Amino acid sequence: MKLLVILLGKCRTCGEEVEAVSKGDAKCPKCGGPVEFYGGKEVVKLLDCEIRDWERIAVLSPTAQQMVLQALESGTAPKELYPLLLKLKDAGALICT
Ligand SMILES: [Zn+2]
């Protein structure tokens, strides 16, 4: 689990929004056109994480629970969720390999 900067860009040919980890190999997934980058955002990458202790998850607020589950499912989470995920990991409720 780590914080990562995702680059945000737009295809110069068709206008498709593109997210990439590095500028070098970025191509539009739709038309293969060149991508122009305009910014970036920090996200949390959860590689192989799974919940080990459901009891600890169950005491979180329903909103937090949903965000954590969604993060695990998609493999990425907003930066705001990082402190909580880190806490769960430190407590052994979340196991990341
Ligand atoms: Zn395109």
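Predicted model only: the values in this text are computed from it and were never measured.

> What is the right way to read the overall build of the protein from this model?
Of regular secondary structure, the protein possesses three helices and six strands. The linear arrangement of helices and strands in the protein, starting from the amino end, is β-β-β-β-α-α-β-α-β. Since a compact globule built from 97 residues should have a radius of gyration of about 13 Å, the 16 Å found for the protein marks it as more spread out than a globular shape. Principal axes of the C-alpha set define a box for the protein whose edges measure 50 × 25 × 20 Å. A buried classification covers 14% of the 97 residues belonging to the protein.

> In this structure, what is going on with helix α2 (residues 62–74)? I would like to understand it.
The terminal C-alpha atoms of α2 lie 18 Å apart, and with 13 residues this matches the ideal 18 Å at 1.5 Å per residue to within 8%. Of the residues one or two after α2, Gly-75 is the one with positive phi, at around 85 degrees.

> Mind showing me how you'd approach the sheet that holds strand β1 (residues 2–11) here?
The strands that make up a sheet pair up through hydrogen bonds in the backbone, lying either parallel or antiparallel. One open sheet accounts for four strands, arranged β2-β1-β3-β5; its pairing is antiparallel. Each edge of the sheet is formed by a strand with only one pairing partner; in this case those strands are β2 (17–20) and β5 (76–78). On average, each strand axis in the sheet is inclined to that of its neighbour by 45 degrees, with strand direction left out of account. Relative to strand β3 (residues 35–45), β1 is paired through 10 bridges, and the arrangement is antiparallel. In the sheet register, Ile-6 faces β3, and the bridge partner there is Lys-41.

> Looking at this structure, I do not really get the domain arrangement of the protein. What am I missing?
When the parts come together, some accessible area is lost, and that loss is often what is quoted as the size of the interface. In terms of domains, the protein is made up of domain 1 (2–43) and domain 2 (48–96). When each unit is reduced to the centre of its C-alpha atoms, the spacing between domain 1 and domain 2 is 27 Å.

> Explanation requested: the nonpolar core in the structure shown.
Across soluble globular proteins, nonpolar side chains have a tendency to be buried as a group. Grouped together as the largest cluster of nonpolar side chains are 11 residues: Val-43, Val-44, Leu-46, Cys-49, Val-68, Ala-71, Ala-77, Leu-85, Leu-88, Ala-93 and Leu-94. Listing elements by their share of this core, those giving two or more residues are β3, α2 and α3 (82–90). If near-sequence neighbours (up to four positions away) are discounted, Ala-93 is found in contact with Ile-51, Arg-52, Asp-53, Arg-56, Ile-57 and Leu-88.

Analysis parameters
- Numbering of residues starts from 1 in each chain and follows the order in which that chain's sequence is written.
- Per-residue local features are limited, in this predicted model, to residues with pLDDT of at least 70; the limit for side-chain atom pairs, both in listing and counting, is 80 or more; totals at the level of whole chains, interfaces and linings are taken over all residues.
- Numbering goes from the N terminus for both helices and strands, where a helix is a DSSP run of H or I of at least four residues and a strand is a run of E of at least two.
- Using C-alpha atoms as the atom set, the radius of gyration is obtained and then compared with a globule rule of 2.2 Å times the number of residues to the power 0.38.
- As a rule, residues whose C-beta atom has 12 or fewer other C-beta atoms within 10 Å are exposed, those with 20 or more are buried, and those in between are partly exposed; C-beta atoms are placed from the backbone.
- To estimate how far a helix should extend, the number of its residues minus one is multiplied by 1.5 Å.
- Pairing between strands is defined by DSSP: at least two bridges between them are needed.
- Think of each axis as a best-fit line through the C-alpha atoms, taken over the contacting stretch in the case of a helix, with angles from 0 to 180 degrees between the N-to-C directions.
- Residue ranges for the domains originate in an automatic or database domain assignment.
- Under the definition applied here, buried Ala, Val, Leu, Ile, Met, Phe, Trp, Tyr and Cys residues are grouped into a nonpolar core through C-beta atoms within 7 Å.
- Our contact criterion uses C-beta atoms placed from the backbone: two residues qualify when those atoms are within 7 Å.

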